[in-house]
Structure formats: C-alpha cells, structure tokens
Amino acid sequence: MRHAGIRTIRYHLPEGVLTNEQLASPEWPAEKILAKTGILERRVASAEQCASDLGVAAAQALFAEGLCEPSEIDFLLFCTQSPDYFLPTTACLVQERLGLRTDCGALDFNQGCSGFVYGLALAKSLIESLGLRTVLLITAETYSKFIHPRDRSARTIFGDGAAATLIGAAESDHPLLGPFVFGTDGRGALNLMVPAGGMRQPASEQTARVTNDSGGNERSLNNLYMNGPEIFNFTLKTVPVAVDALLSRAGLERDEVDYYVLHQANRFMLERLRDKMKIDPDRFSLELEDCGNTVSSTIPIALARAQNQGRIDEGSQVMCVGFGVGYSWAAGMVTLPAKGVFS
Amino acid sequence: MSADRIRDKLREVLGVEPEDTVSIDTSGWDSVDVLELIAAIDESYDVTVPIDRLHACRTAGELIQLIRSTAEGS
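Residues numbered from 1 in each chain as written. Chains lettered and ligands numbered in written order. Predicted model: local features only at pLDDT ≥ 70, side-chain atom pairs only at ≥ 80, totals over all residues. Heavy atoms only, no water.

### Quick notes on helix α9 (residues 298-308) of chain A
All names here are of chain A.
Okay, step 1: Judged by how many residues are buried, α9 sits mostly within the fold: 9 of 11 residues are covered.
Okay, step 2: When α9 is considered as a whole, its buried residues turn out to be T298, I299, P300, I301, A302, L303, A304, R305 and A306.
Okay, step 3: Tucked into the core, α9 has its buried residues touching β1 (2-12), α5 (115-130), β6 (134-141), β7 (161-171), β13 (259-262) and β14 (317-324).
Okay, step 4: G310 lies just past α9 and shows a positive phi near 80°. (Buried < 20%, exposed > 50% of the residue type's maximum accessible area, 1.4 Å probe, protein only. Helix = DSSP H or I, 4+ residues; strand = E, 2+ residues; numbered from the N terminus. Contact = heavy atoms within 4.5 Å.)

### Points about the layout of surface pockets
Okay, step 1: Within this model, the largest pocket holds a volume of roughly 1000 Å³.
Okay, step 2: Considering the residues around the largest pocket, the lining is formed by 43 residues, among which S153(A), G228(A), P229(A), S31(B) and V32(B) are closest to the centre.
Okay, step 3: At the level of secondary structure, the elements contributing two or more residues to the lining of the largest pocket comprise α2 (30-37), α6 (152-157), β12 (225-226), α7 (228-250), α8 (267-276) and β14 of chain A together with α2 (31-45) and α3 (51-56) of chain B.
Okay, step 4: In this model, the second largest pocket occupies a volume close to 860 Å³.
Okay, step 5: Split into classes, the residues belonging to the lining of the second largest pocket amount to 17 nonpolar, 10 polar and 4 charged. (1 Å grid on protein atoms, 1.4 Å probe; cavity = no way out; pocket = protein on both sides within 12 Å on 5 of 7 lines; lining within 4 Å. Points joined across faces, edges and corners; volume = space filled by probe spheres on them. Nonpolar A, V, L, I, M, F, W, Y, C, P; charged D, E, K, R; others polar.)

### Quick word on the interface of chain B and chain A
Okay, step 1: On the chain A side, the residues contacting the 15 residues of chain B number 13 residues.
Okay, step 2: Overall, the association of chain B and chain A removes approximately 1300 Å² of surface from exposure, summing both partners, and the carbon and sulfur fraction of that is 59%.
Okay, step 3: Counting across the chain B and chain A interface gives 5 salt bridges.
Okay, step 4: As a salt-bridge pair, D42(B) and K276(A) come within 2.6 Å of each other at their nearest N and O atoms.
Okay, step 5: Viewed at the interface, chain A and chain B are joined by 6 residue pairs in polar contact (both at pLDDT 80 or more).
Okay, step 6: Examining the composition of the side of chain B that touches chain A, we find that 8 residues originate from one element, α2(B), more than from any other.
Okay, step 7: Among the residues forming the side of chain B that touches chain A, the class breakdown is 8 nonpolar, 2 polar and 5 charged. (Buried area = accessible area lost by both parts, 1.4 Å probe. Salt bridge = Lys/Arg side-chain N within 4 Å of Asp/Glu carboxyl O. Polar contact = N/O pair within 3.5 Å; in protein donor to acceptor, adjacent residues only side chain to side chain.)

### Re the pairing of strand β4 (residues 75-79) of chain A
Residues and elements named next belong to chain A.
Okay, step 1: For β4, the buried fraction is high: 5 of the 5 residues fall into the buried class.
Okay, step 2: With 5 bridges connecting them, β4 and strand β5 (residues 105-109) associate as parallel partners. When the bridges of β5 are listed, F78 appears paired with D108.
Okay, step 3: One crossover worth recording links β4 to the parallel β5 by way of helix α4 (residues 90-98), and it is right-handed.
Okay, step 4: Two strands pair when backbone bridges link them, and β4 and β6 are joined in this way by 5 bridges, in the parallel orientation. From the neighbouring strand, C79 faces β6, where its bridge partner is T139. (Pairing = 2+ DSSP bridges. Right-handed = clockwise from strand over helix to strand, strands pointing away.)

### Regarding the confidence of the model for chain B
Residue and element names in this part refer to chain B.
Okay, step 1: In the predicted model, chain B carries a mean pLDDT of 88, and 100% of its residues have values of at least 70.
Okay, step 2: Ranking the elements of chain B by mean pLDDT puts helix α1 (residues 4-14) last, at 84, and α3 first, at 93.
Okay, step 3: Across the predicted assembly, pTM comes out at 0.96 and ipTM at 0.91. (pLDDT = per-residue confidence, 0-100.)

### Some remarks on the environment of L76(A)
Residue and element names in this part refer to chain A.
Okay, step 1: Here L76 lies in strand β4.
Okay, step 2: In this structure L76 comes out as buried when scored by relative accessible area, which is 0%.
Okay, step 3: C-alpha separation for the pair L76 and V321, spaced 245 residues apart in sequence, amounts to 22 Å.
Okay, step 4: Residues within four places of L76 in sequence aside, it is in contact with A91, V94, Q95, L100, C104, G105, A106, L107, L136 and I138.

Here is the structure:
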C-alpha cells in the first residue's frame, strides 16, 4: 500500500554564535545558564540572513545528498513565523531559488513549536489523499530578529536555524506517518507573542518604547515577549495528555515507542516532562546544547541527529511532540522506513 | 503527597526556614526559581496552580494551602 514517509532530513544553522559567556552576568554566570537551560551556545542569523536563506541552505544540503532532484518536488511547505516579507509568500521565493518546477505547489504556514508535526500531517495528506509523490517540508526561523538585545531571558533560550525534510510516497504494509493528535488553545496567545508590528497593532514610535520587566530584561512591544511560568504550566498540563492520547490512538504502550522527540524548548522543562511521563532517559531526546530552541526546527534537527548517532534506525517507532506558541500542539508517530521502499 | 519539596524550594530561595507565617513574594523571584517551584508543585501534587494566584500568596502557609486546595479540587 502507498504511504507517505520521511526519506531524509537535513538542517542548517547560521554561522553567528551567541555563547553563554556573552550572555553571562554576575547573577547568571555561564555555568548557571548551562545548568538551568541545557544550552551552551545558540546560532544567530546575521542582519542580512532571513528565514528563506536558512531554509534554502537546508534544502540545498538535502539535494546535495543525491536522493532527489529539485524537479521532483511536487509541493513545498514552508513553516515560519518570521517570513521574509508580509507578502509575497516566502515559499514562492524559495521555489525560485531552489529551481523547483513552476507546476509545484507552494505555501507558507505560520506555526512555531508545533510546526514540524503539523507539516508532517499536511505532507501525509498531500501524498496519500491527493496522490502527490514528493513533498519538501522546510521549517525555518529567525526569532533572534524579534528579541531585544537586552532581553537576556529570551536571548538565552532561542536560536535561529532551519531544517528541510523530504517526504515521499513509499510502498509499505503499514503507515509510516501518523496517527496524529492536534490541539489549540488561544487563551495562551498572550504568553508568547510579538505584540506590535502586525496588522492588529502596527509598529510605531510608541510601540518601540523600551521598558524593563521585574527580571531586568528590556523589551518593547515590537519585541518577543515570553511568560515562562505560564508556558511551563501549559506544557505540564497538556503534553502528557497529548502523549497518552496518541499512544491510545496508535494502540501502543509507553515502552513500545522506541524514541521520544519532544520540542526542544529547554532542558529543565524537558527533564520534568520526561520524569512526569516516566519515559526511559535512553529513549528521550535532549538535543539543544549547541543550537538552543530553534522553534519549528528542533524536532527535525533532533530526529536527524538521533539517526546519525544510531539511536533510531529503519523500523524505529518515534513519537514527535511539538508544543508552544499559540498555544498550539501536535503529536505524531513516525516510523523510519526501510531503504528501497520509495519509488 | 507532601509539601516537603515545596518547602525545600522556599528554603533555598528565601534563605530561612519556610514556616507558615514567613512572608513570600514569588512575583519578585528569579524566573528560574519560579519554574523550579512550579516543577516542585507538579512533582509533589500533580497539579498546576495559576501563576497569578501563586504570585498573590503572601506567606508560605498561604502558598501551601493554595496548592493543597487545588490538588483536592482536581
């Protein structure tokens, strides 16, 4: 039977580096930053680099592998919350730069931490319902451009980066993607947002005024705002429920999942979730030390690294769980396909 | 269920034994200390407490009582 499956993943991190030493203060020495966040350094796009640049670089690395030519892509899905322009669609720019066919479909979708899992579900639908053969899913983010240079809390957590995932039609006895569970709760919208600069509140001299929060972090309404405690409460309540719902839908017990890849938000949150859900640490991805929270790219980066390190292989059943900004969440099962199943 | 982990965190941040009458103001805490308190509450009682109600507690006793009543109501 024809099923959609992941063929390969490549990622790209920009050259700019922001280290813990550069972020450190007397109250927050570099060692404490590492201990509390699990992050040693994070990559930062230059002023000239946009999400499309990072996404193109990731896709070019993927094409260089030789598995697929640009001309074989039937549809491009581009996930970002920092598009190059309000319009046109960044995916249209990427189509041209990658030399994809002009009868290739292309669209942006605006999702953050849940974006990769949403993208997998969309790609599966395009292949299995519409009969497409090959979908390129790019997640690309430059949150650094939203963060005030003196907002240490946000600068510590987020890194820029992109991942390109090739999803193709395979002959398989069982699904290679799915099932999925999805969730949305807009009551959490204000807890991770850039308040001004969109249509609701255009950027102005007033919105650019910088204020201090109780932690001494500076930001304006044009900058990213994150309420860490509220978001932590949300993840503790929501993620275990989503994981249980997906296990039930997939007919699996917890220890029948070979590997868990959760959105790499920060190490403290991940370790609490892992312990709460009683997941074996050897089956749980922690992959953010050298890149931080790259938003929608954390899961594909962690998947690619797990495969390169031999933690997962052909036939491995992996649970991917994205959660965060919105609030939005999605969890999906990924079975790594055997070689030769893709036509 | 026990408030020991919560009292441990309060002791660590306040630097004094967190008797029920000891004053607290979590809204002025370092964000990581707040996250660790949230984790301690979750680990000890398997509940989450609305952050605004957490910050409204003025003593350690009020905080422990809030957590216990949330756990009983859940």
